[in-house]
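# An overview of the molecular structure
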Number of protein chains: 2
Amino acid sequence: MNGLYVIGVDMGGTNTAIGIVDARGTIVSRSEISTGEYSTGQSYAEALGKAILDLIAQAGLQNQIKGIGLGTPNGNMNNGCLEKAANIPWAKTQIVPLSAMVEQVTGLPCKLTNDANAAAIGEKEYGCAKGMKDFIVITLGTGLGSGIVSNGQLIVGHDGFAGELGHITVVRNNGRLCGCGRTGCLETYASATGVARTAREFLEIYPDNKSVLRSIASRPLTSKDVYEAALQEDELAIAVFDYTGKILGEALCDFVAFSSPQAIILFGGLAHAGDFLLRPLKAVMDKQMLNVFAGKTQILISQLNDAEAAILGAGALAW
Amino acid sequence: MNGLYVIGVDMGGTNTAIGIVDARGTIVSRSEISTGEYSTGQSYAEALGKAILDLIAQAGLQNQIKGIGLGTPNGNMNNGCLEKAANIPWAKTQIVPLSAMVEQVTGLPCKLTNDANAAAIGEKEYGCAKGMKDFIVITLGTGLGSGIVSNGQLIVGHDGFAGELGHITVVRNNGRLCGCGRTGCLETYASATGVARTAREFLEIYPDNKSVLRSIASRPLTSKDVYEAALQEDELAIAVFDYTGKILGEALCDFVAFSSPQAIILFGGLAHAGDFLLRPLKAVMDKQMLNVFAGKTQILISQLNDAEAAILGAGALAW
């Protein structure tokens, strides 16, 4: 009974979630290790490999595992390395051949890609991109990530790093400063962080507006605050989503002109803002799309559970 | 001796060039028919098919032709149709299954794609993209076309029309009106027409500048005029190329963030402006590229003869 299950690993800056996934996309067993507490890639890989083997043993699934899929920040699918991941202490300035290391510890074949690509594979195997050959997944979290599938294959580029759509420049003059050191990047506007930033700006620009968001003074505003204010029909909060949706929608028109996807799937925290984001986004796409593409690309919200999707997507790499 | 040659067809708005191409990429025989003088797609397809068969017979190459490749405006590789091509009278408002029609007339297998995709295939087979799996060809003519290759395959999208990079929006406010009806499209700036337009604008904006271009009053300015003025070290003409190169270079940074190509190949009339265009283009790419891609993507000028490349590229479809 060889290869009825795969291991999906979702590596975040703080924790690494591990799951055993069956062929139907059910996570049958889970565990977790810390990501950041190791001082070298080798010690992390050993801990991860051991945690995987322990999980398999506990589940009594020895010899039934087809392989391991790893979704990581700055993961390079071409060479299986974690390359200069700013949020991982042991990989900040280094190229760590994590896939090969985990293979060696576990004796199981291992594939690695970045988290947004893993999300795209997850949508293709278990989500709303089932059966699609051309689609884009946009992950809207702290930043904006993307996984692009064309001709049924992930676009990874010659160096393994294609799909950095969060760093498309959307504002050419006086754009917001981005974590990447440049200005005007899409993710400084269209992300959870971007929404909070827009809200803070709008509160300053419109001092007379009586938004409920003004009552939050004890801690930094979050995109969740803005969403909850919008649910209460707060005018400023709704304007924040209008602004965000318009900028994202304009960018999506450009993405369609590039790869003409059948669907663009929005994934992650901010995607749950639903119509507050979708209404202005779709309005600008209807208005500005190049004629030949008008009305052809579906905008979908991922139906996968955020916490599980990353494990499922990574695991799907291993099938 | 079956299949030693292919037929390459380059269909323009006025004329259609036909060539017999050998396996090394030499055009061994050529002919031409009018594109526009037919009233229906069927009558054009019959004339084209007959011209192809005549050319084969004259060359004595019956039974040695592997197939036909067609490069056309608005060609859809997914279904072999010419779809609503604005410059072709008999296809202006229609979807013409040209590939199937030409197959029927000639009895030879036929493939069709748009001209920029044909240029990309030509570069891959015979030009500077030989051996590359990830690259983009940008055709700089009257407009700006693009052929995108990722994972060794053309990106055509779910509808066959991917790669409309001329219609990426580069100026969001008060952008130039584009032939597509929208404003701020890349091709209104970075194309032969765009260069001429920028020159006319600069002549107006800087009335005191003593550009040699002011002496051209009897006819509309062309990009060739601007190039020749730049060769004479005309300050305004050089500023026009600086402006064009900067806008194109900024857009190329976004394209790199999308598909991370090994090279971007510039093709067509305006590409011959060489360093006048390349210097400002590369300067802005060096300055603005996302760190992970810095210095990785080569910018190349096509070495293929413009007149032959379209036939070669179309023909390469048929191998």
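Scroll up to find the structure this text is about.
For clarity, every value in this text was computed on a predicted model and none was experimentally measured. (Residues numbered from 1 in each chain as written. Chains lettered and ligands numbered in written order. Predicted model: local features only at pLDDT ≥ 70, side-chain atom pairs only at ≥ 80, totals over all residues. Heavy atoms only, no water.)

Before going further, it helps to examine the sheet that holds strand β3 (residues 27-34) of chain A. All names here are of chain A. Spatially, the five strands line up as an open sheet ordered β3-β2-β1-β4-β8, and their pairing is mixed. Here the strands that pair on one side only, and so sit at the sheet edges, are β3 and β8 (110-114). Each strand of the sheet is rotated relative to its neighbour by a mean of 20 degrees, with strand direction disregarded. Alignment of strand β1 (residues 5-11) against strand β4 (residues 65-72), held across five bridges, turns out to be parallel. What sits directly across from Tyr5, in β4, is Ile65. Where helix α8 (residues 306-316) meets the sheet, it contacts β1, β2 (15-22), β3 and β4, and its direction lies at approximately 125 degrees from that of β1. (Pairing = 2+ DSSP bridges. Helix = DSSP H or I, 4+ residues; strand = E, 2+ residues; numbered from the N terminus. Axes fitted to C-alpha atoms, helices over the stretch in contact; angles between N-to-C directions. Contact = heavy atoms within 4.5 Å.)

The next point concerns helix α7 (residues 275-288) of chain A. Taking 1.5 Å per residue as the helical rise, α7(A) with its 14 residues ought to reach 20 Å, and the 19 Å between its terminal C-alpha atoms agrees with that figure. Against β9 (135-140), α6 (235-259), β12 (263-267) and β13 (298-301) of chain A lie the buried residues of α7(A). (Expected span 1.5 Å × (residues − 1).)

Here we take up the pattern of salt bridges. It is possible for side chains of opposite charge to pair when their charged atoms get near one another. A complete count under the given rule lists 18 salt bridges over all chains for this structure. It is possible to trace a salt-bridge network through shared partners that takes in A:Arg172, B:Lys246, B:Glu250 and B:Asp254. (Salt bridge = Lys/Arg side-chain N within 4 Å of Asp/Glu carboxyl O.)

Spatially, three strands are ordered β5-β6-β7 (chain A) in an open sheet, and the strand pairing comes out antiparallel. Each having just a single partner strand, β5 (75-76) and β7 (95-96) of chain A make up the two edges of the open sheet.

A separate point is the relation of the copies chain B and chain A. Expressed as a screw operation, the relation of chain B to chain A combines 0.0 Å of axial shift with a rotation of 180 degrees, fitting to an RMSD of 0.0 Å. Both copies of the chain, as the preceding transformation shows, are related through a two-fold rotation axis. When the interface residues of chain B are mapped onto chain A, 98% of them again lie at the interface, so the same face is used by both copies. (Least-squares fit on C-alpha atoms with pLDDT ≥ 70 in both.)

Residue and element names in this part refer to chain A. Most of β9 is tucked away, with six of its six residues classed as buried. Residues of β9 alternate between two faces, with Phe135, Val137 and Thr139 on one and Ile136, Ile138 and Leu140 on the opposite face, all of them buried. With six bridges connecting them, β9 and strand β10 (residues 144-150) associate as antiparallel partners. Across the sheet, residue Val137 finds its bridge partner in β10, namely Gly147. The turn joining β9 and β10, which pair antiparallel and follow one another in sequence, is formed by three residues. (Buried < 20%, exposed > 50% of the residue type's maximum accessible area, 1.4 Å probe, protein only.)

A few words now on the pairing of strand β8 (residues 110-114) of chain B. All names here are of chain B. With four of five residues buried, β8 is to be regarded as a mostly interior element. As judged from the five bridges shared by strand β4 (residues 65-72) and β8, these two strands associate in the parallel manner. Within β8, the residue paired with Gly69 across the bridge is Lys111.

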